[in-house]
Amino acid sequence: CKAGDLTCKANEWAAVHYLLYQFAPRDFITFRNEFFKDNRGQRTGFQTLYTEHLISWTHWIGDVITIRPELRFERSYDKAAYNGGESHNQYIFATDMIIHY
């Protein structure tokens, strides 16, 4: 939006694909692919197409706790959107723990 505008349109579109495979009673792997187009740069700060590719493992500890490490690769195509606008690519390793109550 232009400076001073109270409203404007900032369209975007996205598509996400998940594939999950359970290989043991308490374990499964997730593959995720995402395409995201920030048409005006309002969502991310950069007007570009993004893709994300992720693999994660989910493991149940008992009936209450899950741990979920993941490795993700992200790419911006039209503009360098990562590392302060210096890079087109970003790798992320993260882990979370979920307590179900």
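The preceding data block contains the structure.
Rules used in this analysis
- Residues numbered from 1 in each chain as written.
- Predicted model: local features only at pLDDT ≥ 70, side-chain atom pairs only at ≥ 80, totals over all residues.
- Heavy atoms only, no water.
- Helix = DSSP H or I, 4+ residues; strand = E, 2+ residues; numbered from the N terminus.
- Rg over C-alpha atoms; globule rule 2.2 N^0.38 Å.
- Buried < 20%, exposed > 50% of the residue type's maximum accessible area, 1.4 Å probe, protein only.
- Areas by Shrake-Rupley, 256 points an atom, 1.4 Å probe, with all protein chains shown as cover.
- Pairing = 2+ DSSP bridges.
- Axes fitted to C-alpha atoms, helices over the stretch in contact; angles between N-to-C directions.
- Contact = heavy atoms within 4.5 Å.
- Polar contact = N/O pair within 3.5 Å; in protein donor to acceptor, adjacent residues only side chain to side chain.
- Salt bridge = Lys/Arg side-chain N within 4 Å of Asp/Glu carboxyl O.

Caption draft 1: Up close: the overall build of the chain. Within the chain, the secondary structure is distributed over zero helices and five strands. Each helix and strand of the chain, placed in order from N terminus to C terminus, yields the pattern β-β-β-β-β. Taking 101 residues into account, the globule formula puts the C-alpha radius of gyration at 13 Å, and the chain, at 18 Å, lies well above it. Along the three orthogonal principal directions, the C-alpha set of the chain runs to about 55 × 30 × 25 Å. In the chain, which comprises 101 residues, the share counted as buried stands at 25%. A total of about 7200 Å² of accessible surface is found on the chain, and carbon and sulfur atoms cover 57% of it.

Caption draft 2: Local environment of the pairing of strand β1 (residues 12–24). Pairing of β1 with strand β2 (residues 27–38) involves twelve bridges; the strand directions are antiparallel. Its bridge partner being in β2, Glu12 is matched across the sheet by Asp38. Turn length for the β1-β2 hairpin, with the two strands adjacent in sequence and antiparallel, is two residues.

Caption draft 3: Seen up close, the sheet that holds β2. Spatial strand order, β1-β2-β3-β4-β5: five strands in an open sheet with antiparallel pairing. Looking at strand neighbours, the two that pair on one side only are β1 and β5 (89–99), the edges of this open sheet. Neighbouring strand axes in the sheet, compared pairwise and without regard to direction, differ in orientation by 15° on average. With eleven bridges joining them, strand β4 (residues 65–76) and β5 adopt antiparallel strand pairing.

Caption draft 4: Examining the environment of Lys37 more closely. Tracing the backbone shows Lys37 in strand β2. Sequence separation between Lys37 and Leu49 is twelve residues, and the spatial gap between their C-alpha atoms is 4.3 Å. Apart from residues no more than four positions distant in its own chain, Lys37 is found in contact with Glu12, Trp13, Thr48, Leu49 and Asp78. Reaching out from Lys37, the side chain makes a polar contact with the side chain of Asp78 at a distance of 3.4 Å.

Caption draft 5: Broad picture of the pattern of salt bridges. Tallied over the entire structure, the rule returns eight salt bridges. Notably, a salt bridge pairs Arg43 with Glu12, separated by 2.7 Å at the nearest N-O pair. You can see Arg43 sitting in the loop between β2 and β3 (48–61) and its partner Glu12 sitting in strand β1, a full 31 residues away along the chain. Notably, a salt bridge pairs Arg72 with Glu74, separated by 2.9 Å at the nearest N-O pair. Residue classification places Glu74 among the buried residues on the basis of a relative accessible area of 13%. Counted as one network, the salt bridges with shared partners bring together Arg32, Glu34 and Glu52.

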